[in-house]
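Structural description and commentary
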Number of protein chains: 2
Amino acid sequence: MAKVIVYEEPSLEEAKKIVKNALSRKKNIYILANCSVDYFGRSSSHLEFGERLIIIKSDGALLIHRPVGHSPVNWQPETSYIDVSYDSEEEVLVMKALRTRPREVVAIKLDNIFLIVEAELYDSGAFYMHISEKEIRDILATNPEILGEKLTTIDVEKKVEPGFIDLYLKDKKGNVVVVEIKRLTARVDAVRQLKKYINSLKSHMRTEKIRGIIVAPSITKKAQELLLKEKLEFKQINIEALSKYVGKTEKRSLFDYLK
Amino acid sequence: MAKVIVYEEPSLEEAKKIVKNALSRKKNIYILANCSVDYFGRSSSHLEFGERLIIIKSDGALLIHRPVGHSPVNWQPETSYIDVSYDSEEEVLVMKALRTRPREVVAIKLDNIFLIVEAELYDSGAFYMHISEKEIRDILATNPEILGEKLTTIDVEKKVEPGFIDLYLKDKKGNVVVVEIKRLTARVDAVRQLKKYINSLKSHMRTEKIRGIIVAPSITKKAQELLLKEKLEFKQINIEALSKYVGKTEKRSLFDYLK
DNA sequence: GCCTAGGTCCCGTCC
DNA sequence: GGACGGGGCCTAGGC
């Protein structure tokens, strides 16, 4: 079971020892403190002093969260090294998280620490994500009749020069059918993507006719227009209906959660 | 200054009161607990029981973080309502975070709570991000001579059918110059993007010559090849050197941070 | 390592 | 509100 140690209002010198020790033991560290943050790397940024939550995970992931908003204001997805030192001149605890590739640094200056929590967490729970684009693709590959006509699957994730074709099929007339799948509303960029693949195929073989189909639960107006202009097709699919093809997908509905 | 209250190992019934109260006062809430998570909405997922950090921010943002990794395993960027109840049958505290658009729900079941921290944080610190693509574009628009020749800026973010041209200029010979800017290494997709804009322009006006320039600190080999094939140009810029055109950008280098 | 594409992407911006 | 493109996107998968 989790081991959790709480330090309330440590001095900066005490905090330095606590954090260094916790880092060396690869604990999870959560700090509530008044701090400023500088970032330098692919871009650079400066965040003035304010009260935030600093998270250092056992694998070195670093996150700095403000009191509002989903996204961390600063972060380091993986750190090669976190340096902790006390700057007696500025009277701040300095934590520098380094990353080698890309070469980036996040430097945090803490001048008032409210809380440090050191935690050893056990988490081996499996995570299941249902109906990803990959799942839809595999269902359609084995059941191409879902698209409403007789089709034969030739290839899945077929490599062409500019990328990968989700589904590469042939229709009953022997035409090549290129399918681009979107799990959510298809937008103009999906149509562009499909056109790109078709252009690539056309440059290699000139004899056969090539059809392009966007498969998605819905499509934006602009995407529909571009589709018509490019003489491509759209096939609407019902994602919920597809779930019956997946054994392990749970049949719970939003309604069950809201009850 | 921050007000922080720490509750160590509360019972589930106590936790229910603490969380409900903190939610109603729009506090930041941090919970260390053994929990399972179900998500249903644009996609759906199930996470088995394990020890994690649950963050509820004062604006309703919800994050569930495992002990490793940058990204939260489950989240709700904004919640319209968080319901907290005790399920006496399963002996778990249930927190359901609802979102109306898109209609989504994250349901957390907690069966063992190690720590709850309730915090009122004050954070008004400004955040400065330096040299975005937009900034580079504006600097080049007002100082096109940086590109190494006499150019006149005609338009910024010019709308053409497939999108927006970063910079639309004329050179001293009166040729149209289309510039695509990348803040980091330019890749093949940047070249494709540029080509797309030029094609669009060509279809509208046939008299003038159109040049295309990729402006970036560096370019990949593949992009360079495509560039040559398409008879387009690459102009290297030094982002550091551009910063002198931005008043508020700090002149600190990576070296200063690493010292 | 680079490249490609997906994501419950999130987020800003413009219509 | 929908739609579209950017991001220090992050992450997974190929080569």
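Residues numbered from 1 in each chain as written. Chains lettered and ligands numbered in written order. Predicted model: local features only at pLDDT ≥ 70, side-chain atom pairs only at ≥ 80, totals over all residues. Heavy atoms only, no water.

**Thoughts on the protein's contact with DNA strand D**
Close contacts around DNA strand D come from 23 residues, with Trp-75, Gln-76, Arg-187 and Lys-222 of chain A together with Arg-101 of chain B the closest. The sugar-phosphate backbone supplies 71% of the atoms of DNA strand D found within 4 Å of the protein. Taking Trp-75 of chain A, its main chain carries an N or O atom lying 2.3 Å from a base nitrogen of DNA strand D. Here a base nitrogen of DNA strand D and a side-chain polar atom of Gln-76 of chain A are 2.8 Å apart. Of all elements in the fold, only strand E5 (74–76) and helix H3 (188–204) of chain A reach the threshold of two or more residues within the surface near DNA strand D. Here the surface near DNA strand D is composed, by residue class, of seven nonpolar, seven polar and nine charged. (Near = heavy atom within 4 Å. Polar contact = N/O pair within 3.5 Å; in protein donor to acceptor, adjacent residues only side chain to side chain. Helix = DSSP H or I, 4+ residues; strand = E, 2+ residues; numbered from the N terminus. Nonpolar A, V, L, I, M, F, W, Y, C, P; charged D, E, K, R; others polar.)

**Some words on helix H4 (residues 221–229) of chain A**
Residue and element names in this part refer to chain A. Among the residues making up H4, those that are buried are Ala-223, Leu-226 and Leu-227. Looking straight down H4, one finds that the buried residues subtend no more than 105° of arc, so they occupy a single side. In this structure, H4 carries Lys-221, Leu-228 and Lys-229 as exposed residues pointing more than 90 degrees from its buried face. The secondary structure elements touched by the buried residues of H4 are H3, strand E13 (210–216) and strand E14 (233–236). (Buried < 20%, exposed > 50% of the residue type's maximum accessible area, 1.4 Å probe, protein only. Arc of directions from axis to C-beta. Contact = heavy atoms within 4.5 Å.)

**Overview of the interface of chain A and chain B**
In this complex, chain A contributes 77 residues to the contact, which on the side of chain B involves 76 residues. At the boundary of chain A with chain B, total buried surface from both sides reaches about 6600 Å², with 59% on carbon and sulfur atoms. The interface formed by chain A and chain B includes five salt bridges. A salt bridge links Asp-123 of chain B to Arg-66 of chain A; the shortest N-O distance between them is 2.8 Å. There are 35 residue pairs in polar contact (both at pLDDT 80 or more) connecting chain A and chain B. A per-element tally of the side of chain A that touches chain B places strand E3 (residues 44–56) of chain A first, with 11 residues. (Buried area = accessible area lost by both parts, 1.4 Å probe. Salt bridge = Lys/Arg side-chain N within 4 Å of Asp/Glu carboxyl O.)

**Focus: a negative patch on the surface**
Judged by side-chain charge, Glu-8 and Glu-9 of chain A together with Glu-8 and Glu-9 of chain B come together as a negatively charged surface patch. Inspection of the secondary structure puts Glu-9 of chain A in the loop between strand E1 (3–8) and helix H1 (12–24). Given the relative accessible area of 59%, Glu-9 of chain A is considered exposed. (Patch = residues over 30% accessible without salt bridge, like charges linked within 9 Å, V, L, I, M, F, W, Y side chains within 5 Å. Areas by Shrake-Rupley, 256 points an atom, 1.4 Å probe, with all protein chains shown as cover. Lys, Arg positive; Asp, Glu negative; His and termini not counted. Charge placed at Lys NZ, Arg CZ, Asp CG, Glu CD.)

**A short note on the protein's contact with DNA strand C**
Near DNA strand C there are 28 residues, and of these Arg-101, Arg-183 and Tyr-197 of chain A together with Tyr-39 and Arg-187 of chain B occur at the shortest range. Close to the protein, within 4 Å, the atoms of DNA strand C belong to sugar or phosphate groups at a rate of 83%. Within the side chain of Tyr-197 of chain A, one N or O atom sits 2.7 Å away from a phosphate oxygen of DNA strand C. Sorting the residues of the surface near DNA strand C by element identifies strand E11 (163–171) and H3 of chain A together with strand E5 (74–76) of chain B as the ones contributing at least two each. The leading source of residues in the surface near DNA strand C is H3 of chain A, at three residues. Grouping the constituent residues of the surface near DNA strand C by class yields 10 nonpolar, nine polar and nine charged.

**With respect to the domain arrangement of chain A**
As assigned here, chain A comprises domain 1 (3–120) and domain 2 (133–258). Computed from C-alpha coordinates alone, the two centres of domain 1 of chain A and domain 2 of chain A are separated by 45 Å. (Domains from an automatic or database assignment.)

**What to know about the pattern of salt bridges**
Tallying each qualifying case throughout the model produces 29 salt bridges over all chains. The salt bridge partner of Lys-27 of chain B is Glu-118 of chain B, with a shortest N-O separation of 3.1 Å. Placement of Lys-27 of chain B in the loop between helix H1 (12–24) and strand E2 (28–40) and of Glu-118 of chain B in strand E8 (residues 104–120) is noted, with a sequence separation of 91 residues between them. The two residues Lys-27 of chain B and Glu-118 of chain B agree in class, both being buried. One connected set of salt bridges, linked through shared partners, spans Glu-149, Asp-171, Arg-211 and Glu-233 of chain A.

**Let's talk about the confidence of the model for chain A**
Mean pLDDT for chain A: 91, with 95% of residues reaching 70 or above. Scored below 50 in pLDDT, residues 248–253 of chain A makes 15 contacts in the model with residues more than four places away or belonging to other chains. (pLDDT = per-residue confidence, 0-100.)

**A few points about the packing of aromatic side chains**
Inspection of every chain in the model, using the stated rule, returns zero aromatic pairs over all chains. In this structure, Lys-159 of chain A is placed above the aromatic ring of Phe-164 of chain A, and the distance from its NZ or CZ to the ring centre is 4.9 Å. Here the basic side chain of Lys-158 of chain B rests over the ring of Tyr-168 of chain B, its NZ or CZ set 4.7 Å away from the ring centre. (Phe/Tyr/Trp six-rings, centres within 6.5 Å; stacked < 30°, edge-to-face > 60°. Lys NZ or Arg CZ within 6 Å of the ring centre and 35° of its normal.)

**Comments concerning the environment of Ile-131 of chain A**
Residues and elements named next belong to chain A. Secondary-structure assignment places Ile-131 in the loop between strand E9 (127–130) and helix H2 (133–142). The class for Ile-131 is buried, based on a relative accessible area of 8%. Expressed as a C-alpha distance, the spacing of Ile-131 and Pro-217, which sit 86 residues apart in the sequence, is 13 Å.

**Quick look at the environment of Leu-93 of chain B**
Residue and element names in this part refer to chain B. Tracing the sequence through the fold places Leu-93 in strand E7 (residues 92–99). Spatially, the C-alpha atom of Leu-93 lies 9.7 Å from that of Ser-11, the residues being 82 residues apart in sequence. When residues no more than four places from it in sequence are discounted, the contact partners of Leu-93 are Leu-12, Ala-15, Lys-16, Val-84, Ser-85, Tyr-86, Ile-108, Lys-109, Leu-110 and Ile-113.

**Describing the sheet that holds E11 of chain A**
Residues and elements named next belong to chain A. Taken in spatial order, the five strands line up as E10-E11-E12-E13-E14 in an open sheet, and their pairing is mixed. Lying at the two open borders of the sheet, with one neighbouring strand each, are strand E10 (151–160) and E14. Strand after strand, the sheet turns through a mean of 30° between neighbouring axes, direction not considered. (Pairing = 2+ DSSP bridges. Axes fitted to C-alpha atoms, helices over the stretch in contact; angles between N-to-C directions.)

**Re the side chain of Glu-118 of chain B**
Residue and element names in this part refer to chain B. The class for Glu-118 is buried, based on a relative accessible area of 4%. At a separation of 3.4 Å, a polar atom in the side chain of Glu-118 contacts the side chain of Tyr-7. Other than its neighbours up to four places away in sequence, Glu-118 contacts Lys-3, Val-4, Ile-5, Tyr-7, Ile-18, Ala-22, Lys-27 and Asn-28.

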